[in-house]
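# Coordinate inspection notes
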Amino acid sequence: MQALTLFRKTSHQESGFYALFLTNRLQMLYYMIVMPSALVQPYMLLAIVAMGVASQLCLYMLSKWFATPCSAQGYQGYERLFGKTGIKVLALASLPLLLLKISFISISYAEIMHQFVFPSMDREWHIVFPFILSCYLALFGMENMVRFVTVVFIGTIWIFFMYIPYFLLQSNSIHDLYPLIPVGPEPFAWKSLLIVFSSFSGPEFLIAISYWLNPQRKMLKYLTIANAISIGEYLFISIASLLFFGSKYLPTIKYPNVEIGRYLQSPIFERVDIILISAYMFSFLYSIALFVLMIYGASRLLVKMRTSTTRIGLIVSGCAAMAVTLTISKWFWEPGLQQDFWLDLQMWTGSATYLLVPLLVWIAIKRKTRTTS
Amino acid sequence: MIEEITPIIFWAVQGGGEEDGKITISTLVPPLIKEKKRVLSLKVSLLNEGNKGFNLTYYNELKAGQIRLLFVDEAYAKRGLARLINTVLTDPNISQRLYLVITKGNFNEFLAKHLGETDNIDYYLYRMFKHYEKKKQGEITVVNLHQFMKMLYSQVSDPQLPVFRAEGEQFLYEGTAFFDRDSMVAEIRGKDDQINQLLYRDRFVRYLVLPDLAVTLGHIRAHTSKKLNPDLSSLTIDIDVKGRIDELNSLARIEDTFQFAALTQKIERYLEEKVIRLLSQMQKLQIDPLQIGGMTTKPFSKPISRDTWDRHWSTMKINVKVRLHLEPLTKVK
């Protein structure tokens, strides 16, 4: 039996499409379902576009990283850019961020499962089972995981088309989308802007796996397409839910996407929303698997392991992430106050990492080129 | 497994007038199985108390997941539906497509007359609403839970619901109930109801019966354009009606084009008058079941408040213009 090498790389062909799919799926993780009625006012549609443009700036900085030769060299590349201690500091900083992200998305998803699909089951089981599946996925190694994103993308993008009927409903009226600009003495929506920006976050984690993406100079093109698709999807879903509920009814609804799905009717199967929720699971599982692999990689950097990667190591990382998630879910995630706290926390960290990580890398590259030349 | 549960198709809620605030909730079991039916009826103070109580009086577990209709007594609706609707709305098993219906008369007695083994009255009622819900059927008002909630939540407008009367073995469509926020305040019937259908979202009416003019218009398709003055002082409604004359007491009256034009004009005036009467009734009650207030939102200005809208709406001048495009009669003698 050949040695298990989770982080091996065999292929060298160009793979811009993987980056495209990865960027898009990581961006569509939150708002699609978790971010409840954050964008209730019609004028927030403009915020989506504005934050999409801001996100494009971050992606531009990211593409600078992909354009350097360092990005294709894996560990050596980082070492040249940040130095040995720098990497350790970065790995240490990334661990809590990854854990928070994993916990947040898995608990949020578990809660939806719990509320709509299996109300009589404990929420914790909805965390344990996906984690087992994710660890199984992660065992296939990073290279296979990166390729698998194609399946995930095709397996979830169709949900988008399920929302088309909501544009044709009789009870819709264009007046539900007005006013388009904020009017009157409403509190400035900086927090909502932050939510939208953090819902575009996620691609910054691509830095950690750039080695497997076989980066090249054209990466910006793929990232831009992915970003445009995400903006389109967010706009589409927001407009659909505004038309469906109206801007006064929408704020009272916690999971607009799911509630909209419940209105679909099929002659064969009554609860179409169950299928939709299960389909969302695809990208959730995938992201958790990807992040667990990253946690394993980061912790290996920290403890200076020279031996090859092992299954046990990965499973231990997965279990650690699951333990953190279960702890938060069990004791620190009461609906209401604490849940809002986690949403806020995720919103802040998501926005911060999306802005700072590409910036940091960009500055490092600038400094590097200045010192070498 | 499946034999051990009984899905139910409707709930009927009555009462609420007593001092203790109790309501009577009833349903019919079993649905669709060829078995003697029973009316289950309980006097409770909370809706789900009834739900639980049914399970204790019947040998199967009743599942609300398939519930399709909610019949609410007129008296209950007049006191406000919000509490009832909220209960139904929070149950994740209950579909948003649940039809809401206001009933008059003794609904339980009507049910009691349909207890035969093959008489699936509950299912037939559901089929009826399902049929008329389709876009191009302007026969009866059909409103589901989601539409009701959307109308209720929209800042300046009010919901409407269909009204049925249970009378002996019959269940008759009476008209449309208008609501002020969540409580029923008025009911319209007959021609008014049909005009309401034309003005609202169902823009197709199969027959527009006008006994006053001894005329039946058929296959009516109306295009309504409503325009509000910027200062909310007047509302202009243009209605283009396409259709044909299906019935006329004396065909001799329209033998030549002059007479035909005269008849058309007469119907136009008549309809205009009816529309104005209906709208002024709404104005008097300060309700807006036609969602005209929704049109006050504009891309770049602040939405107006309910009070402001009520003030403008109750004094608004209404101009109605009906244009009738009737197909000329052929092959009649």
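Residues numbered from 1 in each chain as written. Chains lettered and ligands numbered in written order. Predicted model: local features only at pLDDT ≥ 70, side-chain atom pairs only at ≥ 80, totals over all residues. Heavy atoms only, no water.

### A word on the overall build of chain A
Scanning chain A for helices and strands turns up 12 helices and zero strands. Along chain A, from the amino end to the carboxyl end, the secondary structure elements read α-α-α-α-α-α-α-α-α-α-α-α. A compact globule built from 373 residues should have a C-alpha radius of gyration of about 21 Å, and chain A, at 21 Å, falls within 12% of that. Over its C-alpha atoms, taken along the principal directions, chain A stretches across nearly 60 × 50 × 40 Å. Taken over 373 residues, chain A has a buried fraction of 55%. (Helix = DSSP H or I, 4+ residues; strand = E, 2+ residues; numbered from the N terminus. Rg over C-alpha atoms; globule rule 2.2 N^0.38 Å. Buried < 20%, exposed > 50% of the residue type's maximum accessible area, 1.4 Å probe, protein only.)

### A closer look at the overall build of chain B
Secondary structure summary: chain B contains nine helices and 14 strands in total. With the C-alpha coordinates aligned to their principal axes, the bounding extent of chain B is approximately 70 × 55 × 35 Å. For chain B, the proportion of its 333 residues judged to be buried stands at 52%. When the accessible surface of chain B is totalled, it reaches about 15,500 Å², and 52% of it is carbon and sulfur. Computed over 48 positive and 42 negative side-chain charges, the inter-centroid distance for chain B is 5 Å. (Areas by Shrake-Rupley, 256 points an atom, 1.4 Å probe, with all protein chains shown as cover. Lys, Arg positive; Asp, Glu negative; His and termini not counted. Charge placed at Lys NZ, Arg CZ, Asp CG, Glu CD.)

### Thoughts on a positive patch on the surface
Residues and elements named next belong to chain A. Among the surface-exposed residues, Lys64, Arg217, Lys366 and Arg370 lie close enough to one another that they form a single positively charged patch. Locating Lys366 in the fold gives a position in helix α12 (residues 337-372). Look at Lys366 and you get partly exposed, because its relative accessible area is 43%. (Patch = residues over 30% accessible without salt bridge, like charges linked within 9 Å, V, L, I, M, F, W, Y side chains within 5 Å. Salt bridge = Lys/Arg side-chain N within 4 Å of Asp/Glu carboxyl O.)

### Regarding the side chain of Arg25(A)
Structurally, Arg25(A) is set in helix α1 (residues 16-27). Look past the residues within four positions of Arg25(A) in its chain and what remains in contact with it is Val152(A), Phe153(A), Thr156(A), Ile157(A), Glu233(A) and Ser283(A). (Contact = heavy atoms within 4.5 Å.)

### Looking at helix α10 (residues 272-303) of chain A
All names here are of chain A. In a regular helix each residue adds 1.5 Å, so 32 residues correspond to 46 Å; α10 covers 47 Å between its end C-alpha atoms and thus fits that length. Most of α10 is tucked away, with 23 of its 32 residues classed as buried. At the C-terminal side of α10, Lys304 shows a positive phi close to 55 degrees. (Expected span 1.5 Å × (residues − 1).)

### A look at the layout of surface pockets
If you roll a probe as big as a water molecule over the atoms, it shows you where there is empty space left. Residue and element names in this part refer to chain A. Volume-wise, the second largest pocket comes out at about 1,400 Å³. Lining the second largest pocket we find 43 residues, and of these Tyr78, Ala208, Gly297, Ala298 and Leu301 sit closest to its centre. Counting only elements with at least two residues in the lining of the second largest pocket, the list comes to α3 (75-117), α10 and α12. Looking at the lining of the second largest pocket element by element, the count peaks at 12 residues for α3. When its residues are assigned to classes, the lining of the second largest pocket shows 27 nonpolar, nine polar and seven charged. (1 Å grid on protein atoms, 1.4 Å probe; cavity = no way out; pocket = protein on both sides within 12 Å on 5 of 7 lines; lining within 4 Å. Points joined across faces, edges and corners; volume = space filled by probe spheres on them. Nonpolar A, V, L, I, M, F, W, Y, C, P; charged D, E, K, R; others polar.)

### A word on the domain arrangement of chain B
Residues and elements named next belong to chain B. Each assigned domain of chain B is listed with its residue range as follows: domain 1 (1-188) and domain 2 (199-332). Between domain 1 and domain 2, the contact holds 20 residues from the first and 23 residues from the second. Carbon and sulfur atoms supply 50% of the area that domain 1 and domain 2 bury against each other, a total of about 1,800 Å² over both sides. Linking domain 1 with domain 2 are two salt bridges. In this structure, the salt-bridge partner of Arg306 is Asp180, at a minimum N-O distance of 3.3 Å. Between the two partners, domain 1 and domain 2, sit six residue pairs in polar contact (both at pLDDT 80 or more). Partitioned by chemical class, the residues of the side of domain 1 that touches domain 2 number eight nonpolar, six polar and six charged. (Domains from an automatic or database assignment. Buried area = accessible area lost by both parts, 1.4 Å probe. Polar contact = N/O pair within 3.5 Å; in protein donor to acceptor, adjacent residues only side chain to side chain.)

### Observations concerning the nonpolar core
With 198 residues, the main nonpolar core has Trp11(B), Leu81(B), Leu217(B) and Ile267(B) as its most contacted residues. The residues that make up this core include at least three from each of domain 1 (1-188) and domain 2 (199-332) of chain B. (Core = buried A, V, L, I, M, F, W, Y, C linked by side-chain atoms within 4.5 Å.)

### Some remarks on helix α7 (residues 190-199) of chain B
In terms of burial, α7(B) is a largely internal element, eight of the 10 residues being buried. The complete set of buried residues in α7(B) reads Asp192(B), Asp193(B), Gln194(B), Ile195(B), Asn196(B), Gln197(B), Leu198(B) and Leu199(B).

### Side note on the interface of chain A and chain B
Listed by partner, the interface residues are 28 residues for chain A and 31 residues for chain B. Buried surface at the junction of chain A and chain B, both sides included, amounts to about 2,700 Å², of which 52% is carbon and sulfur. The largest contributions to the chain A side of the interface with chain B come from Gln170(A), Tyr249(A) and Tyr263(A), which together make up 27% of the buried area. For the pair chain A and chain B, the interface holds one salt bridge. Notably, a salt bridge pairs Asp176(A) with Lys150(B), separated by 2.9 Å at the nearest N-O pair. Counting the contacts that link chain A with chain B gives eight residue pairs in polar contact (both at pLDDT 80 or more).

### Describing the packing of aromatic side chains
All names here are of chain A. In this structure the tally under the stated criterion is 42 aromatic pairs over all chains. Taking the centre distance of 5.5 Å and the plane angle of 85 degrees together, the rings of Phe160 and Phe161 count as edge-to-face. Judged by its relative accessible area of 21%, Phe160 falls in the partly exposed class. Phe161 gets classed as partly exposed once you look at its relative accessible area, which sits at 48%. (Phe/Tyr/Trp six-rings, centres within 6.5 Å; stacked < 30°, edge-to-face > 60°.)

### Regarding empty space enclosed by the protein
In the structure shown here, the tally under the stated rule is seven cavities of 30 Å³ or more. Lining the largest cavity we find 13 residues, and of these Arg262(A), Glu270(A), Arg271(A), Asp273(A) and Ser95(B) sit closest to its centre. Per-class residue counts for the lining of the largest cavity are four nonpolar, four polar and five charged.

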